[in-house]
Amino acid sequence: MSEARPGAAEIARRVAARETSAEAVTREHLDRIAERDAGLEAFLTVTADRALAQAKRVDAAIAGGAAPGPLAGVPVAVKDLLDIEGVATTCGSRILEGYRPPFTATAVARLEAAGAIVVGKTNMDEFAMGSSTENSAYKVTRNPWDRARVPGGSSGGSAVAVSTGMAALALGTDTGGSIRQPAALCGIVGLKPTYGRVSRYGVVAFASSLDQVGPLGRTVEDVALAARAICGIDTADATSAPVEVPDFRAALAAGAAGLRVGVPWSFLEKGVDAGVMAAFRRALSDLEAAGARTVEVTLPHAPHAVATYYIVATAEASSNLARFDGVRYGLRVPAADLQGMYGETRDRGFGAEVKRRIILGTFVLSAGYYDAYYLRAQQVRTLIRRDFEGAFRQCEVVAMPTTPTPAFRIGEKTADPLQMYLEDIFTVPANLAGIPGLSLPGGFVDGLPVGIQLLGRPFDEATLLRIGHAYQQQTKHHLQEPPENSDSLG
Amino acid sequence: MPPVTVETVDHVARLARLSLTAEEREAFARQLDQVLAYAESIQALDTTGVEPMSHAAAHETFREDVPRPCLPREAALAAAPDAEDGLFRVPRVLGG
């Protein structure tokens, strides 16, 4: 990491050693947001006063002799669907404009307990539905490597905040790739933990059987520190798992020697950009140079993952989003009677993609179609999970590109929802199977970052992070920084 | 499967309590038809005897069933568009 842009681990070390203060680090990052975010539009809310107050508390505790937290003074950006008491949560939607939640998400509370400083809430596709951050009701976030292109989504604001140094870490959520895909397209690291690893308490639900909170950072070491802070059982989320959380950073030193990396070659035969494929092959060579061994695996049902995902996720979303009805919070459009108020509020409050998914999800759950679509998709989900169980008998991790192409142009796919959904082909299988996934900066194609994805056994994030760290010792892709002034490359 | 029509979208929109514009109804019918045609691929798979997977949770975590403090009523009502006497207020439910 360059001197000018220390990462989370280095910031925490300097704050703990009293070489700098949490307040000074926070001010630097707030200044950088003020200077850098115009034109990129990563943030929906900058929580400057709250951040400085929090930083002063961290500094006072250290001055008073308290042991510094593992993330002491580290500025973090939080996707705008994780609640923070008293701070607006919009989910990128008009229907929640002005809403201030009365509680704080467990993942955010745990980061703050570790000494982290929340500098703001980041832009996202409305209710996390999208792969480009173009579906926000508020603004379009731009890719810092080329402002004519999307940053990915739905956690696009979080990825941009980290890749440009406006925050050292960020939280995102990943229902079908929404952490890994923007991390890939912005040239940073993103981890989707195992389903059940991180509490979903205080996280606005999209598809409850798929949603998972995770960190984005510039190095695997930074992401390991954040993961250690946020993972672990929480009685406020009945799906959170009573599985021990290892010291992920301590596990990094073990390296990649002797680990087997499975490659599902037949799944990668079609539709992958030639430059992305070349970067992926180079990454496999780099992993071999780090001591890992590649083996071929098969995921016979993975080509059906997008179809399966868009049935399961929209069905769950249509149910979850029933709560936005103009009664308890958010927008209400007045009407003469209750049914009219529901319909008008939801029509005015939701954007096109959210409505499209509510309609699709309601359709696949409706009488006459439930068995053919929803039930069958749940069965195919079982087949996809079994594919991974088979693969993990031959290897510790499965590798594939994170996305089939580098960042696409703003507006390029908005008219064709199916083309946008197909962007998720390599990320949705992990959510359906409930397994962890890590996206790593894997080089560049025509100046645009591409991601290498590693998928692991349930609750074995440690091995993903180990291999990812070994890869970052072999490569320098993660040290590249986007240009300070990135107009379109043409 | 028969193609998705505007009437299908209307029926589903009623179930989902969504009022849609004419343009939305037509666009959604066309786009849903396209997405469902793509999703036809899963109909050809043999799923005989395959258990449906409703979630990936390996565990269910239950806390002790003991009373504990919850959100105060004022906090729960604070974000409501309309509240009165500690209750959420809504427009008329039955036709007048």
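Please read these numbers as outputs of a predicted model, since none were measured by experiment.

Enquirer: Can you help me understand the sheet that holds strand β8 (residues 293-296) of chain A in this one?
Expert: Within a sheet, adjacent strands bond to each other through the backbone by hydrogen bonds, running parallel or antiparallel. Residue and element names in this part refer to chain A. In spatial order, the strands read β1-β3-β2-β4-β6-β5-β10-β11-β9-β7-β8; together these 11 strands make up an open sheet with mixed pairing. Each edge of the sheet is formed by a strand with only one pairing partner; in this case those strands are β1 (43-46) and β8. For this sheet, the mean angle separating the axes of adjacent strands, direction not counted, is 30°. Sheet analysis places strand β5 (residues 189-192) next to strand β6 (residues 213-217), joined by 2 bridges and oriented antiparallel. Following the sheet pairing, Gly-190 is matched in β6 by Leu-216.

Enquirer: Is there a simple way to think about the packing of helix α10 (residues 305-320) of chain A against helix α12 (residues 352-365) of chain A in this case?
Expert: For any two helices packed against each other, one specifies the inter-axial angle together with the distance between the axes. Residue and element names in this part refer to chain A. Running from N to C, α10 and α12 cross one another at 100°; their axes reach a closest spacing of 7 Å. Classified by the angle between their axes, α10 and α12 sit roughly perpendicular to one another. Counted together, Tyr-310, Ile-311, Thr-314, Ala-315 and Ser-318 of α10 and Arg-357, Ile-358, Leu-360, Gly-361, Thr-362, Val-364 and Leu-365 of α12 form the full contact between these two elements. Residues that form the contact of α10 with α12 fall into these classes: 7 nonpolar, 4 polar and 1 charged.

Enquirer: Help me out: how do you make sense of helix α11 (residues 338-349) of chain A in this one?
Expert: When the terminal C-alpha atoms of α11 of chain A are compared, their 16 Å separation across 12 residues agrees well with the 16 Å that a helix rising 1.5 Å per residue should span. Within α11 of chain A, the full set of buried residues consists of Leu-338, Met-341, Tyr-342, Gly-343, Thr-345, Arg-346, Asp-347 and Gly-349 of chain A. The inward-facing, buried residues of α11 of chain A abut α12 of chain A together with α2 (22-39) of chain B.

Enquirer: Can you help me understand the nonpolar core in this one?
Expert: Residues and elements named next belong to chain A. If you look at the biggest cluster of nonpolar residues, it comprises 155 residues, and the most contacted ones within it are Leu-71, Val-74, Leu-82, Phe-127, Phe-324 and Phe-350. When residues in this core are grouped by element, the largest group, 10 residues, is from α10. When near neighbours in sequence (up to four residues on either side) are disregarded, Phe-127 contacts Cys-91, Ser-93, Ile-95, Leu-96, Val-204, Phe-206, Leu-321, Phe-324, Phe-350 and Val-354. Core analysis: the next-biggest nonpolar cluster, separate from the first, contains 20 residues, Leu-40, Ala-167, Ile-179 and Leu-216 among them.

Enquirer: Please clarify how a nonpolar patch on the surface should be interpreted in this entry.
Expert: Residues and elements named next belong to chain B. A grouping of Val-90, Val-93 and Leu-94 is seen on the molecular surface, where their side chains present a nonpolar patch of about 290 Å² in accessible area. Relative to the elements of secondary structure, Val-90 occurs in the segment after β2 (87-88). Residue Val-90 is classed as partly exposed on the basis of its relative accessible area, which comes to 34%.

Enquirer: Quick question: what am I supposed to make of unusual backbone geometry here?
Expert: Most peptide bonds are trans, and most residues other than glycine sit at a negative phi. Residues and elements named next belong to chain A. Here Gly-153 and Ser-154 are connected by a cis peptide whose omega angle stands at 10°. Residue position: Ser-154 is located in the loop between β3 (117-122) and α5 (156-163). A positive phi angle, close to 55°, is found at Cys-91, a residue other than glycine.

Enquirer: Quick question: what am I supposed to make of helix α13 (residues 370-391) of chain A here?
Expert: Turn by turn, an α-helix covers 3.6 residues, leaving residues three or four places apart pointing in a common direction. Under the 1.5 Å per step criterion, the end-to-end length of α13 of chain A is 31 Å for 22 residues, consistent within 8% with the ideal 32 Å. Taking the largest bend as the criterion, α13 of chain A deviates by roughly 30°, centred on Arg-376 of chain A.

Enquirer: What am I meant to see in the packing of aromatic side chains here?
Expert: Two measures describe an aromatic ring pair: the distance that separates the ring centres and the angle between the ring planes. All names here are of chain A. Taken as a whole and judged by the stated rule, the model has 15 aromatic pairs over all chains. On the numbers, 3.9 Å between centres and 10° between planes, the contact of Tyr-310 with Tyr-421 is stacked. Taken together, the positions of Tyr-310 in helix α10 and Tyr-421 in helix α14 (residues 417-422) put the pair 111 residues apart, joining distant regions of the chain. Through a chain of ring-to-ring contacts, the aromatic side chains of Tyr-99, Phe-127, Phe-324, Tyr-329 and Phe-350 assemble into a single cluster. Lying over the aromatic face of Phe-408, Lys-413 brings its terminal NZ or CZ to 5.1 Å of the ring centre.

Enquirer: Would you mind going over the packing of helix α1 (residues 6-15) of chain B against α2 of chain B with me for this structure?
Expert: All names here are of chain B. In the contact formed by α1 and α2, the axes pass within 8 Å of each other and the chain directions differ by 105°. With respect to each other, α1 and α2 are oriented roughly perpendicular. Contacts from Val-6, Val-9 and Asp-10 in α1 reach Arg-25, Glu-26, Phe-28, Ala-29 and Leu-32 in α2. In terms of residue class, the contact of α1 with α2 is built from 5 nonpolar, no polar and 3 charged.

Enquirer: Help me out: how do you make sense of the interface of chain B and chain A in this one?
Expert: Size of an interface: often given as the accessible area lost when the parts come together. The partner chain A presents 75 residues to the 53 residues of chain B that form the contact. Contact with chain A buries area across many residues of chain B, yet Tyr-38, Met-53 and Thr-61 of chain B alone supply 12% of it, more than any other trio. Across the contact surface, chain B and chain A share 1 salt bridge. For Glu-24 of chain B, the salt bridge goes to Lys-355 of chain A, with nearest N and O atoms at 2.4 Å. Taken together, chain B and chain A are joined by 22 residue pairs in polar contact (both at pLDDT 80 or more). Counting residues per element, the ones that place at least two in the side of chain B that touches chain A are α1 and α2 of chain B. If one sorts the elements of the side of chain B that touches chain A by residue count, α2 of chain B sits on top with 9 residues. Its residues placed into classes, the side of chain B that touches chain A shows 31 nonpolar, 12 polar and 10 charged.

Enquirer: What is the right way to read the pattern of salt bridges from this model?
Expert: Opposite charge on two side chains lets them pair, provided their charged atoms get close. All names here are of chain A. Inspection of every chain in the model, using the stated rule, returns 28 salt bridges over all chains. With a shortest N-O distance of 3.9 Å, Glu-35 and Arg-32 are connected by a salt bridge. With a gap of 3 residues between them, Glu-35 and Arg-32 both fall in helix α2 (residues 22-36), about one helical turn apart. Residue Arg-32 is classed as buried on the basis of its relative accessible area of 15%. Between Asp-237 and Arg-200 there is a salt bridge whose closest N-O contact spans 3.4 Å. Note that Asp-237 is positioned in the loop between α7 (220-230) and α8 (248-251) and Arg-200 in the loop between β5 and β6, a separation of 37 residues in sequence. Each member of the pair, Asp-237 as well as Arg-200, is classed as buried. Because the salt bridges share partners, they merge into one network encompassing Glu-10, Arg-13, Arg-14 and Glu-19.

What counts, and at which threshold
- Residues numbered from 1 in each chain as written.
- Chains lettered and ligands numbered in written order.
- Predicted model: local features only at pLDDT ≥ 70, side-chain atom pairs only at ≥ 80, totals over all residues.
- Heavy atoms only, no water.
- Pairing = 2+ DSSP bridges.
- Helix = DSSP H or I, 4+ residues; strand = E, 2+ residues; numbered from the N terminus.
- Axes fitted to C-alpha atoms, helices over the stretch in contact; angles between N-to-C directions.
- Parallel < 35°, antiparallel > 145°, perpendicular 65-115°, else oblique.
- Contact = heavy atoms within 4.5 Å.
- Nonpolar A, V, L, I, M, F, W, Y, C, P; charged D, E, K, R; others polar.
- Expected span 1.5 Å × (residues − 1).
- Buried < 20%, exposed > 50% of the residue type's maximum accessible area, 1.4 Å probe, protein only.
- Core = buried A, V, L, I, M, F, W, Y, C linked by side-chain atoms within 4.5 Å.
- Patch = residues over 30% accessible without salt bridge, like charges linked within 9 Å, V, L, I, M, F, W, Y side chains within 5 Å.
- Areas by Shrake-Rupley, 256 points an atom, 1.4 Å probe, with all protein chains shown as cover.
- Salt bridge = Lys/Arg side-chain N within 4 Å of Asp/Glu carboxyl O.
- Bend = angle between axes of the 7 residues up to and from the residue.
- Phe/Tyr/Trp six-rings, centres within 6.5 Å; stacked < 30°, edge-to-face > 60°.
- Lys NZ or Arg CZ within 6 Å of the ring centre and 35° of its normal.
- Buried area = accessible area lost by both parts, 1.4 Å probe.
- Polar contact = N/O pair within 3.5 Å; in protein donor to acceptor, adjacent residues only side chain to side chain.

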